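Okay, here's what each chain looks like letter by letter:
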Amino acid sequence: MSFDDLGLSPELLRAVTDEGYTTPTPVQEQSIPIVLAGDDLMARAQTGTGKTAAFALPILQRLKAHANTSFSPARHPVRALIVTPTRELAVQVERSFRAYGRHLPLRIAVVYGGVPMPPQEKQLLGGIEILVATPGRLLDHAGSRTVNLGQVEVLVLDEADRMLDMGFIEDIRRIIALLPSKRQNLLFSATFDPEVRALAHSLLHDPRQVDVAPKVSAAESVEQVVYLVDADRKRDLLAHLVRSRDLRQVLVFTRTKHMAARLASWLDRVRVDATAIHGDRSQADREKALEQFKSGEVRVLVATDVAARGLDIEGLPQVVNFELPYHAQDYVHRIGRTGRAGMTGHAISLVSLDEEEQLRNVNKLLKRDLPIRQVRGFELDPRATAPARSGRGGSTAGSRSGTSRGRSSASRAPRTAAAR
Ligand code: AMP
């Protein structure tokens with residue numbers, strides 16, 4: 001397929017050629033027709049897949065009819081709004097819009113926090129069709145009425161998973177409340193984990209889905225997330241997740257048989273039906289525990305890596321790593337238990353600060369950084385993170401993934417503030 005086949009206008013085709021692109025990437029090939037048709041879209045695509053052009057090109061095409069050279073600000077209302085988690089991404093997206101829109105008289109602007117408001121205000125008051133913004137600064141401008149979002153036709157949430165990671169959900173909801181209810185919504189995210197799906201569900205109307213996440217192994221078809229939590233709160237968090245999400249058939253992995261037994265009996269005590277399989281139990285006992293689990297009699301099966309091996313427990317909806325394994329390869333084996341044919345499995349890892357090295361090894365093996373989240377009410381104790389940050393064996397939560405995608409509360413607050 002070529003760009004010509006996608007129904008783009010000559011101005012856009014010229015711009016694409018100027019950029020040196022010859023063929024559309026998979027996310028572009030799949031998304032562009034959907035966006036041109038005016039449908040809502042939920043796309044799983046990481047940075048580097050060409051996702052920016054996948055929404056920028058069809059948006060430019062759709063707004064082409066409004067392009068004009070009038071000096072009147074009223075002739076240039078904001079028609080496309082792109083919300084990004086960071087200023088770096090905002091700048092990059094604006095640059096792409098400028099490059100792809102260079103042969104069209106559409107006005108493009110970017111606003112983000114950490115810089116003075118007046119130049120941005122002047123630009124906004126002059127009128128622009130395409131606005132790229134970080135959430136906090138956008139709300140500041142909306143609050144001081146330098147921007148009116150009442151004529152937005154297309155909303156893009158770029159890197160939605162990262163915005164949720166950074167705690168922008170309330171800001172996003174406030175922004176959405178400023179938009180007309182009839183509009184097109186596009187959501188791009190590197191993952192489709194439950195929080196992203198919940199946001200999509202509340203925001204998108206009958207969305208079409210595009211999924212170009214690289215499927216290099218079984219591990220990649222499983223939605224994976226890390227919940228950062230203090231070690232002594234892990235079991236409470238596990239019980240909370242099972243109850244609040246009504247999880248059934250949860251396979252929980254621990255490193256030791258001692259921990260497996262203790263955890264299962266604690267869960268049972270707090271009325272989350274659980275049983276354990278570990279090497280100390282006879283084969284008959286293990287088979288019985290497995291039967292109870294499969295029949296739904298118990299919701300949680302706690303297992304060690306060794307005990308789980310050789311048992312027929314594939315195709316589960318949910319795997320939880322109560323502790324990360326010592327060997328990263330075991331992580332892949334564990335999460336390989338989830339995901340029924342044609343369905344996405346979910347793998348949650350409860351990770352405490354002392355597991356930095358294990359997480360780093362898992363990320364290295366997967367060749368990507370697992371998204372790091374915290375669950376409200378189970379945030380890390382700041383007193384526990386402080387000494388770690390000051391260099392206790394280099395065990396900083398912020399350095400655990402080595403890139404901006406992996407964050408902890410320790411690094412989140414300043415970043416969130418910076419993006420405003
Ligand atoms: P993105 O995933 O949007 O950040 O894009 C990643 C990089 O791919 C950017 O440097 C784009 O300029 C480039 N790119 C986007 N689309 C294409 C294409 N169809 N052919 C070649 N390069 C592209």
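Residues numbered from 1 in each chain as written. Predicted model: local features only at pLDDT ≥ 70, side-chain atom pairs only at ≥ 80, totals over all residues. Heavy atoms only, no water.

Draft legend 1. Up close: helix H14 (residues 328-335). Taken together, the buried positions of H14 are occupied by Ala328, Asp330, Tyr331, Arg334 and Ile335. Considered in projection along H14, the buried side chains sweep an arc of 145° and stay on one side of the axis. Tucked into the core, H14 has its buried residues touching strand S8 (222-228), strand S9 (250-254), helix H13 (305-308), strand S12 (318-321), strand S13 (345-351) and helix H15 (356-366). (Buried < 20%, exposed > 50% of the residue type's maximum accessible area, 1.4 Å probe, protein only. Helix = DSSP H or I, 4+ residues; strand = E, 2+ residues; numbered from the N terminus. Arc of directions from axis to C-beta. Contact = heavy atoms within 4.5 Å.)

Draft legend 2. Representation of the packing of aromatic side chains. Considering all chains together, one arrives at 3 aromatic pairs under this definition. Considering the side-chain rings of Phe55 and Phe97, the 6.2 Å spacing of their centres and the 45° angle between planes classify their relative orientation as tilted. Of the two residues, Phe55 is situated in helix H3 (residues 51-63) and Phe97 in helix H4 (residues 87-100); the sequence distance between them amounts to 42 residues. Judged by relative accessible area, Phe55 falls into the buried class, the value being 0%. For the ring pair Phe55 and Phe188, a centre distance of 5.1 Å and an interplane angle of 55° mean the geometry is tilted. Highlighted residues: Phe55 in helix H3 and Phe188 in strand S6 (residues 184-189), separated in sequence by 133 residues. Take Phe55 and Phe188: they sit in the same class, and that class is buried. Chaining the aromatic ring pairs together yields one cluster made of Phe55, Phe97 and Phe188. Here the basic side chain of Arg44 rests over the ring of Phe192, its NZ or CZ set 5.5 Å away from the ring centre. Sitting over the ring of Tyr326, Arg255 keeps its end group 4.5 Å from the ring centre. (Phe/Tyr/Trp six-rings, centres within 6.5 Å; stacked < 30°, edge-to-face > 60°. Lys NZ or Arg CZ within 6 Å of the ring centre and 35° of its normal.)

Draft legend 3. Geometry of empty space enclosed by the protein. Applying the stated criterion across every chain yields a total of 1 cavity of 30 Å³ or more. Taken together, Asp193, Pro194, Glu223, Gln224, Val225, Tyr227, Arg245, Gln318, His346, Ala347 and Ile348 make up the full set of residues lining the largest cavity. Elements represented by at least two residues in the lining of the largest cavity include exactly S8 and S13. If one sorts the elements of the lining of the largest cavity by residue count, S8 sits on top with 4 residues. (1 Å grid on protein atoms, 1.4 Å probe; cavity = no way out; pocket = protein on both sides within 12 Å on 5 of 7 lines; lining within 4 Å. Points joined across faces, edges and corners; volume = space filled by probe spheres on them.)

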